[in-house]
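So the chains spell out like this:
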There are 2 protein chains.
Amino acid sequence: MAEQGQYEELARQLSAIGAVKRDLARVLPHECPPGAAAVLVVLDRHGEMRIGRLAELLAIDMSVTSRHVAHVAERGWIDRSPAPEDRRSRILRLTPAGRELITELSDRYSRALADHLRDWSDDDVRQLSSLLARMRADFGDCRASTTRIPA
Amino acid sequence: MAEQGQYEELARQLSAIGAVKRDLARVLPHECPPGAAAVLVVLDRHGEMRIGRLAELLAIDMSVTSRHVAHVAERGWIDRSPAPEDRRSRILRLTPAGRELITELSDRYSRALADHLRDWSDDDVRQLSSLLARMRADFGDCRASTTRIPA
DNA sequence: TATTGTTATACTCTATAACTATA
DNA sequence: TATAGTTATAGAGTATAACAATA
């Protein structure tokens, strides 16, 4: 268990990280805002899935996910085929165009990071990724386990 | 220099960190949205300053900063006294009420983090803070040094 | 003429709630 | 009746550009 001062410092750093995210977002193509990019990244990473699962992985509400998905579907980057076992759902899958785009996005993100983090060792980058993943998991676990009592 | 795959992983983690920030934001009092809280945190951390300097430290545009500042000033958490040497500027300073609030905010942030990161050692927390600070600095340096060529 | 701030406008992201269709 | 997804609405954050006052 860390001291309060350490938590306050971490809170400050988390708040400030928005600037980095905004810088990164600037490398995205015009038609592909960060929310749309996130959808493509998750589909590329985890394969085809329904919207509910996507929302879970993105840790945002399904209503928001639905809009991002509509955006990328309208542009032909994913297709939505009927789910065989549940006609309420559709299966989301990257199209060839989507796969091309996600490759381009990965390149741009990587180039931007490599450019700014010139002095970072492979281990530095790995360590930061790993700590962020762990933090996210520790928050997510709690979200899942907390019994929500409706007002 | 790290490999491309490591940068892609970092990009994913950065994208996903929004969920943690939103969870943290939920502990804030109703009248104090995250942008307002950030203003108070910086003033508490760095002492009185003008808006321009505040915008720099927050790494957001001055126009945005101006609105956050108006919000906290309207609620009596800061005062704006005339800058003695430049009548275009005012000096922003926490009021006693603002100082009370920032103490409350720090407590809430710390409690939330301590609650979720129960298993983290002091060193884990310190290391994550330090890596985030370094990343922010490496991005910020570039922003400052890049010559912006207007289109 | 250049700089400090403010305001108007527009865009993106997000959540809540109401609604449709299917289980 | 419960669940998957969509849509409408509203709130928060941000940037750009036009504008005011002062340097």
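The notes below deal with the structure included here.

Calculation criteria
- Residues numbered from 1 in each chain as written.
- Chains lettered and ligands numbered in written order.
- Predicted model: local features only at pLDDT ≥ 70, side-chain atom pairs only at ≥ 80, totals over all residues.
- Heavy atoms only, no water.
- Helix = DSSP H or I, 4+ residues; strand = E, 2+ residues; numbered from the N terminus.
- Expected span 1.5 Å × (residues − 1).
- Buried < 20%, exposed > 50% of the residue type's maximum accessible area, 1.4 Å probe, protein only.
- Near = heavy atom within 4 Å.
- Polar contact = N/O pair within 3.5 Å; in protein donor to acceptor, adjacent residues only side chain to side chain.
- Contact = heavy atoms within 4.5 Å.
- Buried area = accessible area lost by both parts, 1.4 Å probe.
- Salt bridge = Lys/Arg side-chain N within 4 Å of Asp/Glu carboxyl O.
- Nonpolar A, V, L, I, M, F, W, Y, C, P; charged D, E, K, R; others polar.
- Least-squares fit on C-alpha atoms with pLDDT ≥ 70 in both.
- Core = buried A, V, L, I, M, F, W, Y, C linked by side-chain atoms within 4.5 Å.
- Phe/Tyr/Trp six-rings, centres within 6.5 Å; stacked < 30°, edge-to-face > 60°.
- Lys NZ or Arg CZ within 6 Å of the ring centre and 35° of its normal.

Moving on: helix α3 (residues 34–46) of chain A. Residue and element names in this part refer to chain A. Compared with the 18 Å implied by 1.5 Å per residue over 13 residues, the 18 Å span of α3 between its first and last C-alpha is a close match. Those residues of α3 lying buried are G35, A36, A37, A38, V39, L40, V41, V42 and L43. Looking one or two places after α3, you find G47, whose phi comes out positive at around 85 degrees.

Around DNA strand C, 22 residues are found, and the nearest of them are G35 and D61 of chain A together with S66, R88 and S89 of chain B. Each atom of DNA strand C within 4 Å of the protein was classed as base or backbone; sugar and phosphate made up 65%. Separating a phosphate oxygen of DNA strand C from a side-chain N or O atom of H68 of chain A is a distance of 3.0 Å. In this structure, G52 of chain B approaches DNA strand C through a main-chain N or O atom, which is 2.9 Å from a phosphate oxygen.

This next bit is on the environment of D115 of chain A. Residue and element names in this part refer to chain A. Turning to its location among the elements, D115 is positioned in helix α6 (residues 96–116). A relative accessible area of 34% means that D115 is categorised as partly exposed. In this structure, the C-alpha to C-alpha distance between D115 and R93, residues 22 residues apart in sequence, is 32 Å.

This part covers the interface of chain A and chain B. Contacts between the two partners involve 56 residues from chain A and, on the opposite side, 56 residues from chain B. Between chain A and chain B the total buried area reaches about 6,100 Å² when both faces are included, carbon and sulfur atoms providing 65% of it. Interface area lost by chain A to chain B is led by Y7, W120 and F139 of chain A, which between them contribute 12%. Inspection of the region where chain A meets chain B yields four salt bridges. The salt bridge partner of R134 of chain A is D124 of chain B, with a shortest N-O separation of 3.2 Å. Taken together, the links from chain A to chain B amount to 15 residue pairs in polar contact (both at pLDDT 80 or more). Elements supplying a minimum of two residues to the side of chain A that touches chain B: α1 (4–16), α2 (18–25), α3, α6 and α7 (122–145) of chain A. The dominant element in the side of chain A that touches chain B, judged by the number of residues it contributes, is α7 of chain A, at 17 residues. For the side of chain A that touches chain B, a count of residues per class yields 28 nonpolar, 11 polar and 17 charged.

Of the two same-sequence chains, chain A is brought onto chain B (RMSD 0.0 Å, axial shift 0.0 Å) by a rotation of 180 degrees. Such values leave the two copies arranged in the relation of a two-fold axis. Across chain A, the rotation axis passes nearest the C-alpha of L128 of chain A, at a separation of 3.4 Å. A shared interface surface links the copies, since 100% of the contact residues of chain A are contact residues in chain B too.

In this section: the nonpolar core. With 88 residues, the main nonpolar core has L40 and M135 of chain A together with L40 and M135 of chain B as its most contacted residues. Residues within four places of M135 of chain B in sequence aside, it is in contact with I17, V20, L117, W120 and L128 of chain A together with L14 of chain B.

With the rule as written, the count across this model stands at zero aromatic pairs over all chains. If you follow R134 of chain A out to its NZ or CZ, it ends over the ring of W120 of chain B, 4.4 Å from the centre.

Another aspect to go through is unusual backbone geometry. Note: most peptide bonds trans; most residues except glycine with negative phi. Positive phi, normally seen in glycine, also occurs at A59 of chain A, with a value near 60 degrees. Tracing the backbone through its elements, the reader meets A59 of chain A in the loop between α4 (51–58) and α5 (62–74).

Right, let's talk about the pattern of salt bridges for a bit. By the definition in use, this model includes 25 salt bridges over all chains. In this structure, the salt-bridge partner of R88 of chain A is D86 of chain A, at a minimum N-O distance of 3.0 Å. Among the residues examined, R88 of chain A registers a relative accessible area of 75% and is labelled exposed. When its relative accessible area of 23% is taken as the criterion, D86 of chain A is described as partly exposed. Close ionic contact of D122 of chain A with R126 of chain A constitutes a salt bridge, the shortest N to O distance being 2.2 Å. Taken together, the positions of D122 of chain A and R126 of chain A, both in helix α7 and four residues apart, correspond to about one turn of that helix. Residue classification places R126 of chain A among the partly exposed positions, given a relative accessible area of 39%. Salt bridges sharing common partners tie together E9 and R12 of chain A together with R45 of chain B.

So, on to the side chain of S106 of chain A. For S106 of chain A, the location among the structural elements is in helix α6. Accessibility expressed as a relative area gives 17% for S106 of chain A, which makes it buried. Not counting the four nearest positions on each side in its chain, S106 of chain A is found in contact with Q4 and E8 of chain B.

Shape is all these values report; function is a separate question.
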